[in-house]
Amino acid sequence: MPGTTTFTTLEPGGDNALAVTLGILGDEWNLWILRSALLGARRYGDWIARGPISHAVLTARLGRLTEAGLFEKVAYQQQPVRHEYVLTARGRSVWTVLVSMWAWEQRWSADAEARLPRRRHTVCGQLFVPRLVCAACGAPADAHDVSVRTGPSGEWSRCVPAAAGRRRSGRAARTPDIVPHTMELVGNRWSAALLGSAHRGATRFGEFAEQMGAPPAVVTDRLRRFTELDVLAPRPHPGRADWVTYHLTDKGLAFFPVIACMIAWGQRWFHAPEGPALETVHLGCGAPFLPRLVCDRCDGTLHAATITIEDVPDADG
């Protein structure tokens, strides 16, 4: 049946769910294609009509997303044969990640409102901002409320694909609705590693270097960039005047719902035979933590069937 999917079992000792997730959702064009699909795009021409994406990029990304199980390629015409790309359950469930990214961008990026879609909760009829709660107990959850430990497949060498670097097109080819601030954090393998280390409690240079497994120059560069972005803030070390520690700012902490939804999405759909990459526990109730998004206007649980995504009007139209 078109639009359905099951989870994928990964190769033993290979990329784990986090690596696969970052490879898929750490790519701006993939996110743009998925956004357009949620807005109704199904056929090749639908995407071409929506933005300045090249035929080569679109063909390659649709192929990869289909191979990863987010789309199913379905023939809608036989002579000549033409296909459309139907979101599977795996592809449709990306909505939690996308709405979390959009909400964070709109809160922390001055120009985001003009390029990101609006979200309406059909139950209450209001435009909403998603709030993260624990699926087990319903209590609000943030970065301080969840403990994270490495799971059986969670060693660093398996967490981020080696090829996961920034894949951003030149300015002339960029669409206005890609999430540039989000990509600064997850669109580069070392950025994603540093962000994960920060959310797991690293504050000193040596802790970042050890957890990331990165050369010192790379750690220095990423710490500098995250400081420029106001995701990390340097502070003097209380015991060593010549040391600096780095701490997540409110902006950095506010990215936690995106991280939580990405982890949950990846570990739902991509299974390493050894077990999960990360094991998370909600400190408030002691249950394994699974994210649930609720409407900030009515507190109702958000579901794909109860939200509508409304594209922003074309400012030039």
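Structure first, text after, so check above.
Residues numbered from 1 in each chain as written. Predicted model: local features only at pLDDT ≥ 70, side-chain atom pairs only at ≥ 80, totals over all residues. Heavy atoms only, no water.

Trainee: Could you clarify how one ought to interpret the layout of surface pockets in this entry?
Mentor: A water-sized probe, rolled over the atoms, reveals where empty space remains. There is about 870 Å³ of room inside the largest pocket. In terms of lining, the largest pocket is formed by 37 residues, of which the most central are L18, V148, I259, I263 and L278. Mapped onto the lining of the largest pocket, the elements with two or more residues apiece are α1 (17-25), β7 (146-150), α8 (189-199), α12 (256-269) and β11 (278-282). The dominant element in the lining of the largest pocket, judged by the number of residues it contributes, is α12, at 7 residues. Of the residues that constitute the lining of the largest pocket, the class distribution is 26 nonpolar, 9 polar and 2 charged. Empty space within the second largest pocket amounts to approximately 550 Å³. If you go around the second largest pocket, you meet 28 residues; those closest to its centre are A103, W104, R107, V129 and P130. Breaking the lining of the second largest pocket down by element, the ones donating at least two residues are α6 (95-108), β4 (118-121), β6 (130-134), α11 (250-253) and α12. If one sorts the elements of the lining of the second largest pocket by residue count, α6 sits on top with 6 residues. (1 Å grid on protein atoms, 1.4 Å probe; cavity = no way out; pocket = protein on both sides within 12 Å on 5 of 7 lines; lining within 4 Å. Points joined across faces, edges and corners; volume = space filled by probe spheres on them. Helix = DSSP H or I, 4+ residues; strand = E, 2+ residues; numbered from the N terminus. Nonpolar A, V, L, I, M, F, W, Y, C, P; charged D, E, K, R; others polar.)

Trainee: Is there a simple way to explain the sheet that holds strand β5 (residues 126-127) in this structure?
Mentor: In a beta sheet, neighbouring strands pair by backbone hydrogen bonds and run either parallel or antiparallel. Ordered by their spatial adjacency, 3 strands build an open sheet running β5-β4-β13, and the pairing between neighbours is antiparallel. Unpaired on one side and paired on the other, β5 and β13 (307-310) mark the two borders of the sheet. Alignment of β4 against β13, held across 4 bridges, turns out to be antiparallel. Paired with R119 across the two strands is I309, which belongs to β13. (Pairing = 2+ DSSP bridges.)

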